[in-house]
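Coordinates in review
Listed below, chain by chain, are the residues.
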Amino acid sequence: GLAPLPVRRLISLSGPDAAKFLQGLVAQNVVSDRQAPFYTAFLDARGRILWDVFIWTYPGLAEKEWACYIEVDAAEADNLQKHLKKHKLRSKIAIKTVPEGEVSVFAGWGFAQDELQHPSLIASLEDTRAPGFGVRFLLSGEQSSSSSAPPVPMLDLDQYVLRRYLFGIPEGQAEIPRESSLPMEMNIDLSSGIDFRKGCYVGQELTIRTKHTGVVRKRILPIQLYHAHDPAPPGDSHPDFDATWSTPVVQGADIKQLDAEGSIRKGRAAGKYIAGVGNVGLALCRVEMMTGMRVSAEGGSWRPGMEFALQSNEADEPVRIKAMVPTWFME
């Protein structure tokens, strides 16, 4: 089906210098003849993520010059626009927030990209953040209303969010806090969001250095919550959603290793809970502590049978948490 994404907004960028201007600000390569939309991120000078974005370029957006829509978290559209204007200087560009409802962002899955044939369709792209995750669409607002809905089942935002968590995909400021996350930690390198061969851009130095060292100790992974008395333990590569799960978990809670008695050990956290729906969600994990992945020569502390947990509140027993490594992750 197709799910509307009202939590995303669009900023239009056009003008003779638009491609060159954007090239110096995002981690993916931008060239003036590039027409296919793509995923990437804006970074600060320290190489931390400012915003995760989709850049929508397509034939017809501008007849005589390169132009694009920048798709960003709706709550951050104003901040991104200010950021663009701060770097504009003498560049010949035009920056404008697209009015809400004029063009809308949708996510679809369960059907092929070319199956959506509708007058409101502006552009589409295969979402590269995880294999098989789905397709993203831009629809003109006037024709994407319920009176002339596309010929596929309409889903809701909650179903899209759940699907993201099952695939281990973070999105927006609530899950990718501005100026605190490195792009590799958020898997933007694995999502085809970084071109490591392009020239200078803001945040390039640390990003390239991290790439060449080959050591990314923390990454966002899909997780499953469970209780010690659950009849079946979680699997290894894909969470199983339980719609009846009712134990609350605090966003940002530290993940710690359990001892032999099932109590939370003191010491350094193995990860941090980011967000979730029911018993599935996302966590920023120290991969050599919480999984069998190896990213450094010295190896990690993980051993088969180790369990991890976080405290839901002062009175409850620890909630166990299992980090999943998707089968495609290390390919």
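Model, not experiment: these values are computed from the prediction. (Residues numbered from 1 in each chain as written. Predicted model: local features only at pLDDT ≥ 70, side-chain atom pairs only at ≥ 80, totals over all residues. Heavy atoms only, no water.)

1. As for the overall build of the chain
Along the backbone of the chain there are five helices and 15 strands. Here the chain has a C-alpha radius of gyration of 21 Å; the compact-globule value for 331 residues is 20 Å, and the two agree. Each principal axis of the C-alpha distribution contributes one length, and for the chain these read about 70 × 50 × 35 Å. When the 331 residues of the chain are sorted by exposure, 53% land in the buried category. Relative to all contacts within the chain whose residues are 6 or more apart in sequence, the contacts with residues 24 or more apart total 68%. (Helix = DSSP H or I, 4+ residues; strand = E, 2+ residues; numbered from the N terminus. Rg over C-alpha atoms; globule rule 2.2 N^0.38 Å. Buried < 20%, exposed > 50% of the residue type's maximum accessible area, 1.4 Å probe, protein only. Contact = heavy atoms within 4.5 Å.)

2. Focus: unusual backbone geometry
Of note, the phi angle at E179 is positive, near 70 degrees, even though the residue is not glycine. With respect to the helices, strands and loops of the structure, E179 is situated in the loop between α3 (157-167) and α4 (204-213). Positive phi is not limited to glycine here, since N187 has a value of about 65 degrees. Mapped onto the secondary structure, N187 falls in the loop between α3 and α4.

3. Considering the sheet that holds strand β5 (residues 67-73)
As summarised here, the arrangement of the five strands in space is β3-β4-β5-β2-β6, forming an open sheet in which the pairing is antiparallel. Every interior strand has two partners, whereas the edge strands, β3 (38-43) and β6 (94-97), have only one. Strand-to-strand twist across the sheet, computed as the mean angle between neighbouring axes with direction ignored, equals 30 degrees. The pairing of strand β4 (residues 49-56) with β5 spans three bridges and is antiparallel. What sits directly across from F54, in β5, is E71. (Pairing = 2+ DSSP bridges. Axes fitted to C-alpha atoms, helices over the stretch in contact; angles between N-to-C directions.)

4. Comments concerning the UniProt feature "domain: CAF17 C-terminal" (unreviewed entry) in the chain
In this numbering, the UniProt entry assigns the feature "domain: CAF17 C-terminal" (unreviewed entry) to residues 217-299. Secondary structure content for residues 217-299 is 5% helix and 33% strand, while the C-alpha to C-alpha distance between its ends is 11 Å. (UniProt positions renumbered as here; feature names shortened; annotations may be inferred.)

5. Section: the sheet that holds strand β14 (residues 308-310)
Taken in spatial order, the six strands line up as β10-β13-β12-β11-β14-β15 and close into a barrel, and their pairing is antiparallel. Adjacent strand axes in the sheet meet at a mean angle of 45 degrees, parallel and antiparallel pairs treated alike. As paired elements, strand β12 (residues 271-277) and strand β13 (residues 280-286) share six bridges and run antiparallel to each other. If you follow V277 over to β13, its bridge partner there is V280.

6. Some details on the nonpolar core
Among the nonpolar cores identified, the biggest contains 63 residues, and L10, W56, Y69, Y160, L225, L310 and I321 are the most heavily contacted of them. Core analysis: the next-biggest nonpolar cluster, separate from the first, contains 24 residues, A19, V30, L50 and I55 among them. (Core = buried A, V, L, I, M, F, W, Y, C linked by side-chain atoms within 4.5 Å.)

7. Examining the side chain of Q173
Inspection of the secondary structure puts Q173 in the loop between α3 and α4. Judged by its relative accessible area of 15%, Q173 is buried. A distance of 3.1 Å separates a polar side-chain atom of Q173 from the backbone oxygen of L50. A polar contact is formed between the side chain of Q173 and the backbone nitrogen of R178, at a distance of 3.2 Å. Setting aside chain neighbours within four positions, we find Q173 in contact with L50, W51, D73, E76 and R178. (Polar contact = N/O pair within 3.5 Å; in protein donor to acceptor, adjacent residues only side chain to side chain.)

8. Some details on the pairing of strand β9 (residues 135-140)
By the criterion of burial, β9 is predominantly enclosed, with six of the six residues buried. Side chains of β9 alternate between two faces, with V135, F137 and L139 and R136, L138 and S140 buried alike. Taken together, the six bridges between strand β7 (residues 103-108) and β9 define a ladder with antiparallel strand orientation. In the sheet register, V105 faces β9, and the bridge partner there is L138.

9. With respect to the packing of aromatic side chains
On inspection of all chains with the given rule, the structure shows six aromatic pairs. Measuring from ring centre to ring centre gives 6.1 Å for F42 and W51, while their planes differ by 80 degrees; the resulting arrangement is edge-to-face. Overall, F42 belongs to the buried group, its relative accessible area being 0%. For W51, a relative accessible area of 3% translates into the label buried. A centroid spacing of 5.9 Å and a plane angle of 15 degrees characterise the contact between F111 and F137, whose relative ring orientation is stacked. Of this pair, F111 sits in the loop between β7 and β8 (121-126) while F137 sits in strand β9, and the two are 26 residues apart along the sequence. Of the residues examined, F137 reaches a relative accessible area of 0% and is grouped as buried. Through pairs of rings, three or more aromatic residues link up here, namely F133, Y160 and F167. The ring of Y39 is capped by R129, whose NZ or CZ atom sits 5.6 Å from the centre of that ring. (Phe/Tyr/Trp six-rings, centres within 6.5 Å; stacked < 30°, edge-to-face > 60°. Lys NZ or Arg CZ within 6 Å of the ring centre and 35° of its normal.)

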